[in-house]
Amino acid sequence: MHGAVRVKRGRLPHSLRYHIRLTLGFFDYIILALYFGFVLGIGAVIRRRVKTSEEFLTASRSVPVWITSLAFMAANLGAQEVIGMCASGAKYGIMTAHFYWVGAIPAMIFVGVFMMPFYYGSHARSVPEYLKLRFDEKTRGFNAITFAVMTVFSSGISMYALGLLFRLVLGWDFTASVLLSAAIVLIYILLGGLTSAIYNEVLQFFLIVLGFSPLAILAIAKAGGWSGIASRLPPPMTHSWQYLGDASGNAMGVEWFGMVAGLGFVLSFGYWCTDFLVVQRAMAADSMSAARRTPLIAAFPKMFMPFIVILPGIAALALTRMDVGYSLPPKGDGYDYDQALTTLMAQFYPSGLLGVGLTALMASFMSGMAGNVTAFNTVWTYDIYQSYIRRAAPDSHYLTVGRVTTVIGIALSIATAYLAQRYNNIMDLLQLVFGFVNAPLFATFLLGMFWRRATGHGAFAGLLSGTLAAALTHGLTSAEGKGAWVAALHTFPSTMAQNFWIAIVAWTACFLVTILVSFATAPKLESDLRGLVYGLTELPKDEGVSWYRRPGPLAVIVGVLALLLNVVFW
């Protein structure tokens, strides 16, 4: 039996009502049930190995490299990534692939080759703890608090995406959908901690590939292949670089400098190099070599994900302009891009395959949510609770705190899910949050790891200035009716363009203020910086190791492949 599609339309443009209902068949429910059983089973098996807070929160640095590599990528493959990137494909075209080929791959190479020796070699349990070792306690505290807030927002976006999906396509109540899924994530994290989350992320990665690859093939074939899509869409939608000369020449409303500096440098490096959500996966590896290779191995599947999650969105827009019985749901004067993926599933997936697709979406939700929750409970337990509330408690106490924090983190995420409803593209909201937190943080890490003169006072003042600069930029500019809560001094053509410039301003403010304050304050002794700063740290040697187990050759191969993809879709 095929998934039944029921569509209701109202009068355009403002009184529009557009709802999709999918009828799941017996095999669809079987697939969902099997997935839930596997997820909870992994948690139950790993539970026997979790006896200490370190095993629960950091996996005791014992996970094999192929597991950490897939988890490193899957932690960034949440519902907001899958649904949001498909939506951005429909909204911005192939230029969205820059979030991978420019906005991920170079940074993944950098963190593996240059930054992971400091993270792993310092024996820090978290990114904020590294900041304490390199700078001081107040810098760690500021980052821990802002990161905790960011993870709650990001997890809430995942929840919103899943609740919206199940309400639209299955007719389930939004709150009930969120609570059911949150309960499953809560159970398997409580059982196995970070190790359970990492192994489930690997399972979720394969489900996502299996669930969405057929959709990409079917949608693109229906649209006449890439040549058929290109013939029905404006040229800027099918070229990644050719129309970046002027902001008015593409749907994203950004020029090449904003793309390279805002996304390719600030947002990208800020996320992949400093966000504990992904760095935590590499830090769980069983050796320094494995930790360095983790982001590099993850880069291989990462650079090909646009063909699975972005191309269907582009095809959806092309199909909307064809008389084939499919159209993107309208929203206001435009389209509801966040429904691109679900409407395509309604159009193309029969029973059975529909179950695989919905299970993949459920997996993407759980991947994103679990990643944020495990990062949140580690930072809260070690960097906030242990540092400022109760310093010298027994380890069993911190294990309990970690589990309680998991429950609290999920509860807070549920509360923030409703904020995402103001946006017609959840990737816009996610990039805004990154601009406030990760953009200035990358400036701090860049100076901290590669300039021994940077001081704790400078780092703290820089982070504070960068965050305030991001808020002020958002308050003085507007895009698509958002921002300008202070005054509308400038209007950006798209929310994404505004996000890029918020990130650029935040990074620049943090970078400059950190340098100025550092010159005015006393640095740490060089003896206190060994293992924490480039030039005072002995990097790992790779002599006698096979080329595929060395970061250098892997980095070159990844870089060449990413460059070729940019050239092909120029």
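First things first, this report covers the structure right here in the doc. Here the structure is a predicted model, which means the values were calculated and not measured.

With respect to the packing of aromatic side chains
Alright, step 1. According to the stated counting rule, one finds 31 aromatic pairs in the structure shown.
Alright, step 2. Ring centres of Phe110 and Phe450 lie 5.9 Å apart, and the angle between their planes is 50°; on these two criteria the pair is classed as tilted. Within this pair, whereas Phe110 is found in helix α6 (residues 105-121), its partner Phe450 is found in helix α19 (residues 426-450), the two being separated by 340 residues in sequence.
Alright, step 3. Taking relative accessible area as the criterion, Phe110 reaches 18% and is therefore assigned buried.
Alright, step 4. Clustering of aromatic rings is evident, with ring pairs tying together Phe110, Phe114, Phe118, Phe265, Phe269, Phe442, Phe450, Trp507, Phe511 and Tyr534.
Alright, step 5. In this arrangement the basic side chain of Arg61 is found over the ring face of Tyr120, its NZ or CZ atom lying 4.0 Å from the centre.

Topic: the sheet that holds strand β5 (residues 490-491)
Alright, step 1. Taken in spatial order, the three strands make up an open sheet running β4-β3-β5, and their pairing is mixed. In the strand order of this sheet, the two ends are held by β4 (482-483) and β5, each with one partner.
Alright, step 2. Pairing geometry for strand β3 (residues 477-479) and β5, over two bridges, is parallel. In the strand pairing of β5, Thr477 is matched with His490.
Alright, step 3. The strands touched by helix α20 (residues 456-476) are β3, β4 and β5; relative to β3, the strand with the most contacts, the crossing angle is about 65°.
Alright, step 4. Along the sheet face, helix α21 (residues 495-520) touches β3 and β4 and points at about 145° away from the line of β3.

Some points on the pattern of salt bridges
Alright, step 1. Tallied over the full model, the rule gives nine salt bridges.
Alright, step 2. Among the salt bridges present, the one from Lys91 reaches Glu480, with a minimum N-O distance of 3.2 Å. Taken together, the positions of Lys91 in helix α4 (residues 79-92) and Glu480 in the loop between β3 and β4 put the pair 389 residues apart, joining distant regions of the chain.
Alright, step 3. Across the pair Arg140 and Glu137 runs a salt bridge, and its minimum N-O distance is 3.3 Å. Of this pair, Arg140 and Glu137 both sit in helix α8 (residues 137-170), three residues apart, roughly one helical turn.
Alright, step 4. According to the relative accessible area criterion, Arg140 is buried, its value standing at 2%.
Alright, step 5. Glu137 gets classed as partly exposed once you look at its relative accessible area, which sits at 24%.
Alright, step 6. Here the salt bridges do not stand alone but share partners, grouping Arg125, Glu129, Lys132, Glu137, Arg140 and Asp383 into one network.

What counts, and at which threshold
Residues numbered from 1 in each chain as written. Predicted model: local features only at pLDDT ≥ 70, side-chain atom pairs only at ≥ 80, totals over all residues. Heavy atoms only, no water. Phe/Tyr/Trp six-rings, centres within 6.5 Å; stacked < 30°, edge-to-face > 60°. Helix = DSSP H or I, 4+ residues; strand = E, 2+ residues; numbered from the N terminus. Buried < 20%, exposed > 50% of the residue type's maximum accessible area, 1.4 Å probe, protein only. Lys NZ or Arg CZ within 6 Å of the ring centre and 35° of its normal. Pairing = 2+ DSSP bridges. Contact = heavy atoms within 4.5 Å. Axes fitted to C-alpha atoms, helices over the stretch in contact; angles between N-to-C directions. Salt bridge = Lys/Arg side-chain N within 4 Å of Asp/Glu carboxyl O.

Read these as spatial facts, not as claims about activity.
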